[in-house]
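Examination of the molecular architecture
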Amino acid sequence: MKALREIGLGRAARFGFFTLAMVPYRFMLFPQLRAPLLRLLGARIGPDSVLHDVRLFNLYRRCPRGLVIGNDCFLGDECLLDLADEIRLEDHVTLAERVLVLTHTNVGYRDHPLQAHFPPSAAPVVIRAGSFVGANATVLPGLSIGPRAFVAAGSVVTESVPEGTLAAGVPARHVRTLA
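Residues numbered from 1 in each chain as written. Predicted model: local features only at pLDDT ≥ 70, side-chain atom pairs only at ≥ 80, totals over all residues. Heavy atoms only, no water.

Quick notes on the overall build of the protein
Summing up its helical and strand segments, the protein has 3 helices and 19 strands in all. Taken over the C-alpha trace, the protein has a radius of gyration of 17 Å; the compact-globule value for 179 residues is 16 Å, and the two agree within 12%. For the C-alpha atoms alone, the extent of the protein along its principal axes is close to 55 × 40 × 20 Å. Counting every position in the protein, which comprises 179 residues, the buried fraction comes to 41%. A separation of at least 24 residues holds for 34% of the contacts in the protein among residues at least 6 apart in sequence. Of the accessible surface of the protein, which amounts to about 9,300 Å², a share of 61% is contributed by carbon and sulfur atoms. The distance from the centre of the 19 positive side-chain charges to the centre of the 15 negative ones in the protein is 6 Å. (Helix = DSSP H or I, 4+ residues; strand = E, 2+ residues; numbered from the N terminus. Rg over C-alpha atoms; globule rule 2.2 N^0.38 Å. Buried < 20%, exposed > 50% of the residue type's maximum accessible area, 1.4 Å probe, protein only. Contact = heavy atoms within 4.5 Å. Areas by Shrake-Rupley, 256 points an atom, 1.4 Å probe, with all protein chains shown as cover. Lys, Arg positive; Asp, Glu negative; His and termini not counted. Charge placed at Lys NZ, Arg CZ, Asp CG, Glu CD.)

What follows is the structure, given as structure tokens:
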């Protein structure tokens, strides 16, 4: 099987373990129960943070220990978090519904014809204290969103967002500085 040859037996075993470990997570009806389970699996999640129906993928790469969520954060329904590298949300960060945070790029198997042009890469994402990321926004690998920044709904963040900035659009651009 090609996928097993690419990732190796160790990563395949981690994939299986975390796939099974996430089954009870998916059935938890109350957001207050999700954070304790993720903490047991190695995630660092501060008190009073709420995780609605957040979905994690690439768990076999960084494992849940690659997820760091500060105090008083809110993650809305259907957020997708890529744990190929670390995702760090500082205190008071809000991710609205269906926010996608990517930490890696890979076009496919090693023999994919585009690999020479787009080699695999991974880099952490940091969203600083007091920031807000609107519904259906996408944050690309290796970027940071500065403290008290606001990313508008539907935006695609292709460059880091400075502190106290309203960013919007595809790609997201500086709209104005927040007072």
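Details of the packing of aromatic side chains
Per the counting criterion, the structure on display carries 3 aromatic pairs. Seen from their ring centres, phenylalanine 17 and phenylalanine 18 are 5.0 Å apart, and the 75° between their planes marks the pair as edge-to-face. When its relative accessible area of 49% is taken as the criterion, phenylalanine 17 is described as partly exposed. Each ring, one from phenylalanine 132 and one from phenylalanine 150, has its centre 4.7 Å from the other, and the planes form 25°; the classification is stacked. (Phe/Tyr/Trp six-rings, centres within 6.5 Å; stacked < 30°, edge-to-face > 60°.)

Focus on the sheet that holds strand β17 (residues 156-157)
Two strands in a sheet stick together by hydrogen bonds in their backbones, pointing the same way (parallel) or opposite ways (antiparallel). An order of β3-β6-β9-β14-β17 is seen for the 5 strands of this open sheet, with the pairing classed as parallel. The open sheet is flanked by β3 (55-57) and β17, the only strands paired with a single partner. Pairing analysis gives 2 bridges linking strand β6 (residues 80-82) to strand β9 (residues 100-101), with the strands arranged parallel. Looking at β9, one finds that leucine 80 is bridged to leucine 100. (Pairing = 2+ DSSP bridges.)

So, the environment of alanine 172
Relative to the assigned elements, alanine 172 resides in the loop between β18 (165-168) and β19 (173-177). Sequence separation of alanine 172 and glycine 146 is 26 residues, and the distance between their C-alpha atoms is 14 Å. Filtering out sequence-adjacent residues up to four positions away, alanine 172 remains in contact with Ser155, Val156, Val157 and Ala167.

Considerations on the nonpolar core
Residues Leu38, Leu56, Leu67, Leu81, Leu95 and Val133 are the most contacted members of the largest nonpolar core, which totals 42 residues. Mapped by element, the contributors of at least two residues to this core are α1 (2-27), α2 (31-40), β4 (67-69), β7 (87-89) and β12 (125-127). If one sorts the elements of this core by residue count, α1 sits on top with 4 residues. Those residues in contact with leucine 67 that sit more than four places away from it in its chain are Leu38, Ala43, Arg44, Leu56, Leu81, Leu83 and Ile87. (Core = buried A, V, L, I, M, F, W, Y, C linked by side-chain atoms within 4.5 Å.)

As for the pattern of salt bridges
The tally for this structure, following the rule as stated, stands at 10 salt bridges. Where arginine 62 meets aspartate 85, a salt bridge forms, and the shortest distance between an N and an O atom there is 3.8 Å. You can see arginine 62 sitting in helix α3 (residues 59-62) and its partner aspartate 85 sitting in the loop between β6 and β7, a full 23 residues away along the chain. For arginine 62, a relative accessible area of 31% corresponds to the partly exposed category. As a salt-bridge pair, glutamate 90 and arginine 128 come within 2.7 Å of each other at their nearest N and O atoms. Of this pair, glutamate 90 sits in the loop between β7 and β8 (94-95) while arginine 128 sits in the loop between β12 and β13 (132-133), and the two are 38 residues apart along the sequence. Assessed through its relative accessible area of 23%, glutamate 90 is described here as partly exposed. The exposure class of arginine 128 is partly exposed, given its relative accessible area of 32%. Taken together, the shared-partner salt bridges connect Arg26, Asp53 and Arg55 into one network. (Salt bridge = Lys/Arg side-chain N within 4 Å of Asp/Glu carboxyl O.)

Considerations on the pairing of β18
Inspection of the sheet shows strand β16 (residues 150-151) paired to β18 by 2 bridges, in the parallel sense. Looking across to β18, one finds that valine 151 is bridged to alanine 167. Bridging between β18 and β19 involves 4 bridges; their strand directions are antiparallel. Among the inter-strand pairings, alanine 168 is bridged to a residue of β19, identified as arginine 173. In textbook terms, the turn of a hairpin is the stretch between consecutive antiparallel strands, and for β18 and β19 this stretch comprises 4 residues, one of which, glycine 169, has a positive phi near 110°.

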